Amino acid sequence: MNQSFYIGAVGAQQQLKRLNVHADNIANVNTTGFKANRADFSALIYQDRQGVEEELPMGVGTKLLMTATDFSSGGVADTGRSLDYMIEGEGFFALVDLATGEVSYTRNGAFYMAEHLQPSEELDENGEPIMESVYCLSDGKGRFVLSQMGGLIEVEDATEMLPIGIFDYSNYNGMTQIDGTRYLPVDKNGGLWFGTGKLVQGVLEMSNADLADEITKVIESQRAYGMALKMVQTSDEIETTINGLRN
């Protein structure tokens, strides 16, 4: 088969994946704390790659190697809501899922109060601590915000600045994105430390996805996709012509 057929087919497939990346950025352009992703490509000219059904030979175009996250700061939205927080500078809020023990990190500071049961100093007739209800700072989705000391944050007066922790890593490369605005660290991110960012109350950090830039990239991918399909069509016509000459 003509090598250009493979180049066109692989190119069209990879441009579809790139379109999905930028479509997700566009869909989250108004999502609080969202960080845009970009598509990083790798040339297939140097080595063979394992495809879905067979190995892709050298020289068949490019492959979407990975998606990288842009952790630059987004715009600022003044909400005036006392439970809304933003980190000015670097760092993340830490969220803990008490059911699983999972700790994730986010730049989305739209917080709420959620009920949490904890043992009190009083004991029942069996000598067991009586559970009391307190309200702690939460992301509104079953996870609680951690303080600078790593504990839950009780909310007694929401208008006061709460002791919300700001945490950071030496680098963000490869952090796993979950649920849109939450991230899980990997080994190469290094150790966890206290962030240097400043906590600001009553404002939110908006998405850093640039709509104009994302639409431009979508147009680029659409044109590249069309050119790749044209290459496939032309290659098919060439093969048809050659096969006809053999007859």
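What counts and what doesn't
Residues numbered from 1 in each chain as written. Predicted model: local features only at pLDDT ≥ 70, side-chain atom pairs only at ≥ 80, totals over all residues. Heavy atoms only, no water. Helix = DSSP H or I, 4+ residues; strand = E, 2+ residues; numbered from the N terminus. Buried < 20%, exposed > 50% of the residue type's maximum accessible area, 1.4 Å probe, protein only. Contact = heavy atoms within 4.5 Å. Areas by Shrake-Rupley, 256 points an atom, 1.4 Å probe, with all protein chains shown as cover. Patch = residues over 30% accessible without salt bridge, like charges linked within 9 Å, V, L, I, M, F, W, Y side chains within 5 Å. Salt bridge = Lys/Arg side-chain N within 4 Å of Asp/Glu carboxyl O. Lys, Arg positive; Asp, Glu negative; His and termini not counted. Charge placed at Lys NZ, Arg CZ, Asp CG, Glu CD. Polar contact = N/O pair within 3.5 Å; in protein donor to acceptor, adjacent residues only side chain to side chain. Phe/Tyr/Trp six-rings, centres within 6.5 Å; stacked < 30°, edge-to-face > 60°.

## Here we look at the overall build of the chain
For the chain, the count of helices and strands is two helices and 17 strands. The 247 residues of the chain split such that 40% are buried. In the chain, of all internal contacts separated by at least 6 residues, the share reaching a separation of at least 24 is 63%. Of the roughly 14000 Å² of accessible surface on the chain, 53% is carried by carbon and sulfur atoms.

## Topic: a negative patch on the surface
Negative charge collects at one region of the surface, where Glu122, Glu132, Glu154, Glu156, Asp157 and Glu160 lie side by side. Tracing the backbone through its elements, the reader meets Glu132 in strand β10 (residues 129–138). Exposure remark for Glu132: the relative accessible area of 34% places this residue in the partly exposed category.

## Focus on a nonpolar patch on the surface
Among the surface-exposed residues, Leu211, Ile215 and Ile219 lie close enough to one another that they form a single nonpolar patch of about 230 Å² accessible area. Looking at where Ile219 falls in the secondary structure, it is placed in helix α2 (residues 211–246).

## Here we look at the side chain of Thr106
With respect to the secondary-structure elements, Thr106 resides in strand β8 (residues 103–106). Overall, Thr106 belongs to the buried group, its relative accessible area being 2%. At 3.0 Å, the side chain of Thr106 and the backbone nitrogen of Asn108 are in polar contact. In this structure, Thr106 is in contact with Phe92, Phe93, Leu95, Thr181 and Arg182, ignoring residues within four places of it in sequence.

## Focus on unusual backbone geometry
Its identity as a non-glycine residue notwithstanding, Asp179 has a phi of 55°, on the positive side. With respect to the helices and strands, the residue Asp179 is situated in the loop between β13 (176–178) and β14 (182–184).

## Comments concerning the environment of Met113
Mapped onto the fold, Met113 is located in strand β9 (residues 112–123). Exposure remark for Met113: the relative accessible area of 44% places this residue in the partly exposed category. The spatial distance from the C-alpha of Met113 to the C-alpha of Ile153 is 9.7 Å, given a sequence separation of 40 residues. If we skip the residues at most four places from it in the chain, Met113 touches Leu83, Tyr135, Cys136 and Val155.

## Some words on the packing of aromatic side chains
For the coordinates displayed, the defined rule picks out eight aromatic pairs. Measuring from ring centre to ring centre gives 5.6 Å for Tyr105 and Tyr169, while their planes differ by 90°; the resulting arrangement is edge-to-face. Note that Tyr105 is positioned in strand β8 and Tyr169 in the loop between β12 (167–168) and β13, a separation of 64 residues in sequence. What makes Tyr169 buried here is its relative accessible area of 8%. An aromatic cluster is present here, built from Phe71, Phe92, Tyr105, Tyr169, Tyr172 and Tyr183 joined pairwise through their rings.

## Description of the environment of Leu19
Looking at where Leu19 falls in the secondary structure, it is placed in helix α1 (residues 3–27). Of the residues examined, Leu19 reaches a relative accessible area of 19% and is grouped as buried. For Leu19 and Val218, which are 199 residues apart along the polypeptide, the C-alpha to C-alpha distance reads 6.0 Å. Sequence-distant contacts of Leu19, that is, excluding residues within four places in its chain, are made with Val218, Ser221 and Gln222.

## Quick notes on the pattern of salt bridges
Under the counting rule described, the total for this entry stands at nine salt bridges. Glu205 is the partner of Arg107 in a salt bridge, and the nearest nitrogen-oxygen pair spans 2.9 Å. Of this pair, Arg107 sits in the loop between β8 and β9 while Glu205 is found in strand β17 (residues 203–205), placing the two residues 98 residues apart along the sequence. With a relative accessible area of 6%, Arg107 lands in the buried category. We classify Glu205 as buried; its relative accessible area is 1%. Here Lys217 and Asp213 are joined by a salt bridge, their closest N and O atoms 3.2 Å apart. In this pair, Lys217 and Asp213 both sit in helix α2, four residues apart, roughly one turn of the helix. With relative accessibility at 23%, the residue Lys217 sits in the partly exposed group.

Everything listed here is a matter of geometry and, on its own, says nothing about what the molecule does.
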